[in-house]
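# Survey of secondary and tertiary structure
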Amino acid sequence: MIVAAWNNGGAGYGLRIRAADRDQYFRREWHTVEIDLPNGARANPIIDKEFWGRTCHELISKEIGQWLRFERLAPWAYRHPPKLVLEPSGEAKFELRRGTS
């Protein structure tokens, strides 16, 4: 699935998931997921009730932010976050890779 990098306007970074992808690839009973990053690090963002709401479909993690900054994908131009690929790799597990910006 194609996801977009997300920032809260400050130090918080994560991945924005489209609602249709969220509904297809994520389960409400999951409280966290594992995301393997391209650099070998692992992020374990928490899935809270807001993730299932109408507007907040972000997976937020310090490790994701560190990777985005290290790869010079963050910060980005206003309204032009990098696009990334998030692939399911098991039960509540995903693999992140660079996509097209």
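Just so it is clear, the structure is predicted and the values come from calculations on it, not from any experiment.

## What to know about the nonpolar core
F26, I35 and L86 are the most contacted members of the largest nonpolar core, which totals 26 residues. Mapped by element, the contributors of at least two residues to this core are strand 1 (2–7), strand 2 (13–16), helix 2 (62–70), strand 6 (83–90) and strand 7 (93–98). Non-local contacts of I35, meaning those with residues more than four positions away in its chain, are made with L15, A41, R42, A43, P45, L59, I64, L86, F94 and L96.

## A short note on the pairing of strand 2
As paired elements, strand 1 and strand 2 share four bridges and run antiparallel to each other. The residue of strand 2 that forms the bridge with W6 is G14. Hairpin connection, strand 1 to strand 2: the antiparallel pair is bridged by five residues, and G9 has positive phi, about 95 degrees. As judged from the three bridges shared by strand 2 and strand 5 (residues 58–60), these two strands associate in the antiparallel manner. Looking across to strand 5, one finds that G14 is bridged to I60.

## Focus: helix 2
For an α-helix the count is 3.6 residues per turn, leaving residues at separations of three or four pointing the same way. For helix 2, the complete set of buried residues consists of I64, G65, W67 and L68. Along the axis of helix 2, the buried residues cluster in a sector spanning 165 degrees; they form a single face. Structural note: helix 2 exposes K62 and F70 on the side pointing more than 90 degrees away from its buried face. Immediately beyond the C-terminal end of helix 2, within one or two residues, lies R72, with a positive phi of roughly 60 degrees.

## Concerning the pattern of salt bridges
Under the counting rule described, the total for this entry stands at eight salt bridges. Across the pair D21 and R18 runs a salt bridge whose closest N-O atoms are separated by 3.2 Å. Of the charged contacts, one joins E87 and R97 as a salt bridge, the two residues approaching to 3.7 Å between their closest N and O atoms. Residue E87 is located in strand 6, and its partner R97 is located in strand 7; the two are separated by 10 residues in the primary sequence.

Basis of the calculations
Residues numbered from 1 in each chain as written. Predicted model: local features only at pLDDT ≥ 70, side-chain atom pairs only at ≥ 80, totals over all residues. Heavy atoms only, no water. Core = buried A, V, L, I, M, F, W, Y, C linked by side-chain atoms within 4.5 Å. Buried < 20%, exposed > 50% of the residue type's maximum accessible area, 1.4 Å probe, protein only. Helix = DSSP H or I, 4+ residues; strand = E, 2+ residues; numbered from the N terminus. Contact = heavy atoms within 4.5 Å. Pairing = 2+ DSSP bridges. Arc of directions from axis to C-beta. Salt bridge = Lys/Arg side-chain N within 4 Å of Asp/Glu carboxyl O.

These figures capture arrangement, not role.
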